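Structural description and commentary
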Amino acid sequence: MEGDSFQQDRKKCMEGDSSTAYVSLFTVYGSAAQLEKDPLREMLKSEDASARKAAIKAIAQWGDEEAVALLAGLLHDRESAVRCAAVMAVGKLGVLAGGHLQTFKTMEAEDSDAQVRAVSKWAVKQIGDSVLAQHDGIISAPSVSSG
């Protein structure tokens, strides 16, 4: 069947050297949530920084607490480009990333890389704005009158 061939090709791509390109392609089109999760989790452990960055961007599209937990593990990666990608990805998850606000504040002040410090500053604002928006939504929710 044609569908079986596609699944086999997809599996080959995730196993081979082209996995980073394959994941990046799905990510660019906003379709990374369709990818199998286990290979992405494995890519986070890759020695190749570009593979880790591709996995970060894909996992961020999950948009859930599992994504935040996995991505937070790369906030202290040895490669500044990977740290940047992780900060950006977690920061985009807004309220879900609220538990990492202090980490971002510390990174903003202390990271050895200027770009990581700048992105961390953005993440602090992004998360703070998301938390405030959620808080305002709760406080300013319209009251329902029984009438």
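In the block above lies the structure referred to throughout.
Residues numbered from 1 in each chain as written. Predicted model: local features only at pLDDT ≥ 70, side-chain atom pairs only at ≥ 80, totals over all residues. Heavy atoms only, no water.

1. Considerations on the overall build of the chain
Secondary structure assignment for the chain yields eight helices and zero strands. Reading the chain from its N terminus to its C terminus gives the helix and strand order α-α-α-α-α-α-α-α. Partitioning the contacts of the chain with sequence separation of at least 6, the portion at a separation of at least 24 is 57%. Summed over all atoms, the accessible surface of the chain reaches about 8,900 Å², with 53% contributed by carbon and sulfur. (Helix = DSSP H or I, 4+ residues; strand = E, 2+ residues; numbered from the N terminus. Contact = heavy atoms within 4.5 Å. Areas by Shrake-Rupley, 256 points an atom, 1.4 Å probe, with all protein chains shown as cover.)

2. Considerations on the environment of Phe104
Positionally, Phe104 belongs in helix H7 (residues 101–110). C-alpha separation for the pair Phe104 and Ser120, spaced 16 residues apart in sequence, amounts to 5.2 Å. Contact partners of Phe104, with chain neighbours within four places excluded, come to Leu75, Val87, Val90, Gly91, Ser120, Ala123, Val124 and Ile127.

3. A short note on the packing of aromatic side chains
The geometry of an aromatic ring pair comes down to the distance between the two centres and the angle between the two planes. Going through the model one piece at a time under the given rule, you end up with one aromatic pair. Seen in terms of ring centroids, Tyr22 and Phe26 are 5.0 Å apart; in terms of plane orientation they differ by 50 degrees. Their pairing is tilted. Pair noted here: Tyr22 and Phe26 are both in helix H2 (residues 19–28), with a separation of four residues, about one helical turn. This pair shows no difference in class: Tyr22 is buried, exactly as Phe26 is. Here the basic side chain of Lys37 rests over the ring of Trp62, its NZ or CZ set 4.4 Å away from the ring centre. (Phe/Tyr/Trp six-rings, centres within 6.5 Å; stacked < 30°, edge-to-face > 60°. Buried < 20%, exposed > 50% of the residue type's maximum accessible area, 1.4 Å probe, protein only. Lys NZ or Arg CZ within 6 Å of the ring centre and 35° of its normal.)

4. A short note on the packing of helix H4 (residues 49–60) against helix H6 (residues 80–92)
Contact pair H4 / H6: the axes reach a minimum separation of 9 Å and the direction vectors enclose 0 degrees. When the axes of H4 and H6 are compared, the pair comes out roughly parallel. When H4 is examined against H6, the residues Ala49, Arg52, Lys53, Ile56 and Ala60 are found in contact with a partner set consisting of Ala81, Val82, Ala85, Ala86 and Ala89. Among the residues making up the contact of H4 with H6, the classes are represented as eight nonpolar, no polar and two charged. (Axes fitted to C-alpha atoms, helices over the stretch in contact; angles between N-to-C directions. Parallel < 35°, antiparallel > 145°, perpendicular 65-115°, else oblique. Nonpolar A, V, L, I, M, F, W, Y, C, P; charged D, E, K, R; others polar.)

5. Considerations on the nonpolar core
Formed by 38 residues in total, the largest nonpolar core has its most connected members in Leu40, Ile56, Leu71 and Phe104. Taken together, the elements giving at least two residues each to this core come down to H2, helix H3 (37–43), H4, helix H5 (65–72), H6, H7 and helix H8 (114–139). Setting aside residues no more than four positions away along its own chain, Leu71 makes contact with Ile56, Ile59, Ala60, Ala86, Ala89, Val90 and Leu93. (Core = buried A, V, L, I, M, F, W, Y, C linked by side-chain atoms within 4.5 Å.)

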